[in-house]
Amino acid sequence: MSSSYDGPWTARKVREEFFNYFRSKNHTFVPSSSTVPYDDPTLLFANAGMNQYKSIFLGTVDPNSERGKLKRAFNSQKCIRAGGKHNDLEDVGKDSYHHTFFEMLGNWSFGDYFKKEAIEFSWDLLTNVYGLPKDRLYVTYYAGDPQNGIPTDEEAKQHWLSKGISPDHVIASKGNFWEMGATGPCGPCSEIHFDRIGGRNAAHLVDGDDPNVLEIWNNVFIQFNRDDDGSLKPLPSKHVDTGMGFERLVSVLQNKLSNYDTDVFSPIFTRIQELTGARPYSGNFGNDDVDGIDTAYRVVADHVRTLSFALSDGGVPNNVGRGYVLRRILRRGSRYVRKKLGAPIGSFFSSLMPVVVETMGDVFPELTKKQGDIKEILDEEEESFSRTLDRGEKLFDQYATRTKDLGAKELNGADVWRLYDTYGFPVDLTRLMAEELGLGINEKEFEDAQEHSKLASKGSFKKDKADLVKLDVHDLAALEKNDAISKTDDSSKFQLGNITATVKGIYYHKEFISSSSGILADANFGVLLDRTSFYAEAGGQEYDTGNIVIDGVTDFEVTNVQAYNGYVLHTGSLKYGQLSIGDEVISSYDELRRWPLRSNHTATHILNFCLREVLGDHIDQRGSLVAPTKLRFDFSHKAQISLPELAKIESMSIDWIKKNVKVYGKDLDLMTAHKISGLRAVFGEAYPDPVRVVVLGYDVDEVAKDIDNPKWRSTSVEFCGGTHVAKTGDIKDFVITEESGIAKGIRRIVAVTGQEAHEASRVANSLKVRLEQLESTEGKEKDTGLKALSVELGQADISVLLKAELKDRLATVRKALDKQIKEKENAINKAAVNALVTFFEEKPDSEVYFAILEVDGNAKILQNVVIQGKKLGKTVYVFSVDAEGGKVAHANYVSESVRSRGLDARTWASKVSDILGGKAGGKEDGAQGVGVNVAQVEEALKVARETFSSKYNN
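This one's a predicted model, so the numbers in the text were calculated from it and none came from an experiment.

About the thresholds
Residues numbered from 1 in each chain as written. Predicted model: local features only at pLDDT ≥ 70, side-chain atom pairs only at ≥ 80, totals over all residues. Heavy atoms only, no water. Buried < 20%, exposed > 50% of the residue type's maximum accessible area, 1.4 Å probe, protein only. Helix = DSSP H or I, 4+ residues; strand = E, 2+ residues; numbered from the N terminus. Pairing = 2+ DSSP bridges. Polar contact = N/O pair within 3.5 Å; in protein donor to acceptor, adjacent residues only side chain to side chain. pLDDT = per-residue confidence, 0-100. Contact = heavy atoms within 4.5 Å. Axes fitted to C-alpha atoms, helices over the stretch in contact; angles between N-to-C directions. Parallel < 35°, antiparallel > 145°, perpendicular 65-115°, else oblique. Left-handed = near helix turned anticlockwise from the far one by under 90°. Phe/Tyr/Trp six-rings, centres within 6.5 Å; stacked < 30°, edge-to-face > 60°. Lys NZ or Arg CZ within 6 Å of the ring centre and 35° of its normal. Salt bridge = Lys/Arg side-chain N within 4 Å of Asp/Glu carboxyl O. Disulfide = S-S within 2.5 Å. Core = buried A, V, L, I, M, F, W, Y, C linked by side-chain atoms within 4.5 Å.

*Asks:* How would you explain the pairing of strand S20 (residues 631-636) if you had to name every residue and give the values?
*Replies:* Among the six residues in S20, five count as buried, and that is most of the element. Relative to S20, strand S19 (residues 621-626) runs antiparallel, the two being bridged by five bridges. Pairing of Gly 623 across the sheet is with Asp 634, part of S20.

What follows is the structure, given as structure tokens:
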């Protein structure tokens, strides 16, 4: 196919011609997948076009589904590379080609064509449609890895040569093996590079990071799947996955050296200038970008694209995972807007976002559809950060100044953590700010502070996923064919105590083996039993831990339990002894861990019911976590829950605990169960048939006999496969420790029960006692104590209601103290100034006033005294000791008549600093400083007098 088009290659036209070409080759257009991969927990964001086709590559797709019938496809995939393995965030703005959001033009073959056709399509499109000069194109093929048994991709090489490409433009590359991650689909690839300069042989510059010889297309030939152990297995069908960077291609076709110089970005730059009034974008980099404004243009333009697309796909800035990456991006961009472009923040990105919708909304209609939601979320987040940005930057400036004063090159890591923890400064933003001042950050100290904080807030329990043994699609297929290993009977998880069971499978290093005798000591492996009392992680409830034991012979410590299509795999390691197929064992879960899990799960049901009763029937569960130390419940509700409403919800929940009603659970026919009056089920959840129904206070059999009875609405009725207490009184207590919004229209409640609830109450009471004690203190002790208590109260995991009450009370005490401090300071200030005035009234002929003032080192009062001396035309030197802080403040003023005799205020202060230590500075008529040698203040006063006399009496 050739193109007769000879007009300008606008970005829109480039994309359009790509689409037209692959339509003509019988490819099906498949809309881009969401940038937020909800169904793929291995990814933060979609970062390649192949993500949505993983099930096809792995052979797990339903062959009767639309996706399963797909043979050829094309699209432009929305990609975000920020966070995780593929992270370009910190490079954005520094060069001409890095982006956190970009489009990836791609075509795919699923078991249809392979290398020959893929290479043909690539060459034809680039040379005949887009008209790129053949002599400026270079291609690579995989050079092979003999040590790991992977041969050179001679097939791809020969196909390229058959196109008539000069042999010295066909280059072997050891890096041409593409993998999505540590595991998963992979295979050799073949890249196409373009030389922007031309008129030369640029083969030696390919893959050499030369900005003028750049990769524009990559053809991946997916032949293998890499397993957890690193081995490669051939896939049942071979596939083609290609990706061409849209922004790069546009820059090549528009003959621009930078992606940012194309019409992909120019409309955004124009709008940035309109909103900020900054100078126009001039395309400078590095040291040439003297004022940093061009870098800011690039960062802000990139980030508004990323945010617009991620939010349109349901992403929400928050403190976890991908949500935190989005928050980092918004905050990084906001600082560039404020600091470099000189514009106020609060609603900047929502004002810039419409230009993204205008230029890309027709290709990606979700942008247009979600524009209102995007604006709301952007404004909320940006306005929130605007409240802490100034305070955080001031604190950063203090840390940076202190670092430089100490002659250090790195910011203290604990300080960097504090900037994050208190002011919301992501570490990469602080790192960027430090780099601007020629500083780094101490990463080790930061990590230590972060870890300390996590342990302090979450306890020492760690969920180690790194060593988790997993069954993959191949293992499950093998189990299905193995009659000796049946699916696990886990019905005993609902009972108390241990059970006996038989070892049916031992899984180690991707193999089912007959005995553990060949397994290395302390190595993790998996055990399958015919029946188990362990709960496998599901429905928000965490897994059990415990032991699989042959008394006196073997102890297998279970550290994780997961279910795979009905097979319950117990992961752990041997403390001693061995296990073999057929062994009779005792299945013994950890009751101390299970007990709070049961309490928290039943408490979650109670909370769900009470939310509906207080807030209304619109409450729908959107997520939950049942852990040993807390429960977390996410639900649909548009507004923040008021304190009176929270009090009612908590009180009603506690009433259910006090009622001490029985908790019933039993399997029912799914169709029948769905009809129960007052049933609560998770929207969109696929439930098994039969389904387990959990009811508070009424026997499930009684409910099943009369499913339409409206009285079932007066209690909690839920579908649930989790473990629960026998009666609600076992929960003991219930305290809501957090209520917050995690996304638009989604609220979150965190609560604790049992011992954790008692501990929360204890901490709250101790904070209350401390506040009462501080109310009776005075002065600095009270001031320091209130500041410390304010920080502790903010971080404490206590009742939301008690925290609000204590905060209000503390604020009242703080306000009264601040008023008292101000009044006292005013009185002291007045007395200090009056003392100077009185001195000169009594000694009008005196030229100078010296004093050590009792103002606790208050530099502001010293300055006021100095100013008064200046008004009177008199020379002044005053000192004040801050005994508690171990500092001495000092300030002076030299009248014009004394200056004429050769006394310079800076020299005078320097003489004093020689005695007091510290630093001093100022102008010739006035200077000030802070010293550290408190005991030397009288000596410093003496030196000040002598220095004055030596000049004045000369």
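Now, onward.
*Asks:* Can you explain the pairing of strand S26 (residues 746-753)? Please cite residues and give values.
*Replies:* For S26, a buried count of eight out of eight residues is recorded, marking the element as mostly surrounded by other parts of the structure. As judged from the eight bridges shared by strand S25 (residues 734-743) and S26, these two strands associate in the antiparallel manner. By the bridge assignment for S26, Glu 739 is matched with Ile 749.

*Asks:* Let's hear about helix H13 (residues 427-436): which residues, and what values?
*Replies:* Counting buried positions along H13 gives eight out of ten residues, so the element sits mostly inside the fold. Of the residues making up H13, those classed as buried are Val 427, Asp 428, Leu 429, Thr 430, Arg 431, Leu 432, Met 433 and Ala 434. Just downstream of H13 lies Gly 438, where phi reads positive at about 75°.

*Asks:* An account of the side chain of Thr 875 is needed here, citing residue identities and associated values.
*Replies:* For Thr 875, the position within the fold is in strand S28 (residues 875-882). We classify Thr 875 as buried; its relative accessible area is 0%. At 3.1 Å, the side chain of Thr 875 forms a polar contact with the backbone nitrogen of Ser 895.

*Asks:* Tell me what's going on with the confidence of the model for the protein chain, and back it up with residues and numbers.
*Replies:* On average, the protein chain scores 89 in pLDDT, and the residues at 70 or more come to 96%. pLDDT under 50 marks residues 456-466. Its contacts with residues more than four places away, or in other chains, come to 13 contacts.

*Asks:* Got a sec to walk through the environment of Asn 829? Specific residues and values, please.
*Replies:* You can see Asn 829 is positioned in helix H22 (residues 800-842). In this structure, the C-alpha to C-alpha distance between Asn 829 and Asn 858, residues 29 residues apart in sequence, is 9.4 Å. Setting aside its immediate chain neighbours within four residues, Asn 829 contacts Ile 861 and Asn 864.

*Asks:* Explain the packing of helix H6 (residues 266-276) against helix H9 (residues 348-360) residue by residue, including any values.
*Replies:* Contact pair H6 / H9: the axes reach a minimum separation of 10 Å and the direction vectors enclose 155°. For the element pair H6 / H9, the angle class is roughly antiparallel. Taken as a pair, H6 and H9 cross one another with a handedness that is right-handed. On the side of H6, the interface is formed by Pro 267, Ile 268, Arg 271, Ile 272, Leu 275 and Thr 276, while H9 contributes Phe 348, Ser 351, Leu 352, Val 355, Val 356 and Thr 359.

*Asks:* Can you break down the environment of Asp 209 residue by residue, with the values?
*Replies:* Structurally, Asp 209 is set in the loop between strand S7 (184-195) and strand S8 (213-226). The sequence separation of Asp 209 and Gly 361 amounts to 152 residues, and the corresponding C-alpha distance is 34 Å.

*Asks:* Account for the packing of aromatic side chains, with residues named and values stated.
*Replies:* This structure, assessed with the given rule, holds 44 aromatic pairs. Feature note: the residues Phe 18, Tyr 21, Phe 22, Tyr 113, Phe 121 and Trp 217 constitute an aromatic cluster, connected by ring pairs. We note Lys 659 situated over the ring of Trp 656; from NZ or CZ to the ring centre the distance is 4.0 Å. The ring centre of Tyr 952 lies 4.3 Å from the NZ or CZ of Arg 901, which sits over that ring.

*Asks:* Which residues make up unusual backbone geometry, and what are the values?
*Replies:* The linkage connecting Asp 689 with the following residue, Pro 690, adopts the cis geometry, with an omega of 5°. Although it is not a glycine, Asp 207 adopts a positive phi angle of roughly 60°. Here Asp 207 is to be found in the loop between S7 and S8. What makes Asp 207 partly exposed here is its relative accessible area of 43%.

*Asks:* Go over the side chain of Asn 176 with me, naming the residues and quoting the values.
*Replies:* Topologically, Asn 176 is positioned in the loop between strand S5 (170-173) and strand S6 (177-179). Within the structure, the side chain of Asn 176 is placed 3.4 Å from the side chain of Glu 191, a separation counted as a polar contact. Ignoring anything within four residues of it in the chain, the contact list for Asn 176 reads Thr 140, Tyr 141, Tyr 142, Pro 188, Cys 189, Ser 190 and Glu 191.

*Asks:* Break down the pattern of salt bridges for me, with residues and values.
*Replies:* A side chain of one charge can pair with a side chain of the opposite charge if their charged atoms are brought near each other. This model, assessed by the stated rule, comprises 48 salt bridges. Across the pair Glu 274 and Arg 271 runs a salt bridge whose closest N-O atoms are separated by 3.2 Å. Of this pair, Glu 274 and Arg 271 both sit in helix H6, three residues apart, which is roughly one turn of that helix. With a shortest N-O distance of 3.6 Å, Glu 480 and Lys 487 are connected by a salt bridge. Under the relative-accessibility criterion, Lys 487 is labelled partly exposed at 41%. What you see here is one network of salt bridges that share partners, running through Arg 279, Asp 289, Asp 291 and Asp 294.

*Asks:* So what's going on with the state of the cysteines? Residues and values would help.
*Replies:* Scanning all chains against the criterion turns up zero disulfides. Left unpaired, Cys 610 is separated from the closest cysteine sulfur, that of Cys 720, by 16 Å. A relative accessible area of 0% means that Cys 610 is categorised as buried.

*Asks:* Give a description of the nonpolar core that names residues and reports values.
*Replies:* Membership of the largest hydrophobic core comes to 109 residues, with the highest contact counts inside it found for Tyr 130 and Ile 216. For this core, the element with the highest residue contribution is helix H7 (residues 293-312), accounting for eleven residues. When residues no more than four places from it in sequence are discounted, the contact partners of Ile 216 are Leu 126, Leu 132, Leu 137, Ile 192, His 193, Phe 194, Gly 243, Met 244, Gly 245 and Val 252. Formed by 29 residues, the second largest nonpolar core is a distinct cluster that contains Cys 610, Leu 611, Phe 635 and Ile 641.

*Asks:* Kindly report on the sheet that holds S28, identifying the contributing residues and their values.
*Replies:* Strands pair in a sheet through their backbones, by hydrogen bonds, and they do so in one of two ways: parallel or antiparallel. Strand order in this open sheet of five strands is S27-S28-S29-S31-S30, and the pairing throughout is mixed. The open sheet has two free edges, formed respectively by strand S27 (848-853) and strand S30 (919-923), since each of these has just one partner strand. The sheet shows a mean angle of 10° between the axes of neighbouring strands, taken without regard to direction. The sheet contact formed by S28 and strand S29 (residues 887-893) spans seven bridges and is antiparallel. Within S29, the position partnered with Phe 879 by the bridge is His 890. This element, helix H23 (residues 859-872), spans S27, S28, S29 and strand S31 (926-931) of the sheet and lies at about 15° to S29. Taken strand by strand, helix H25 (residues 905-916) contacts S27, S28, S29, S30 and S31, and its axis lies near 160° from that of S29.

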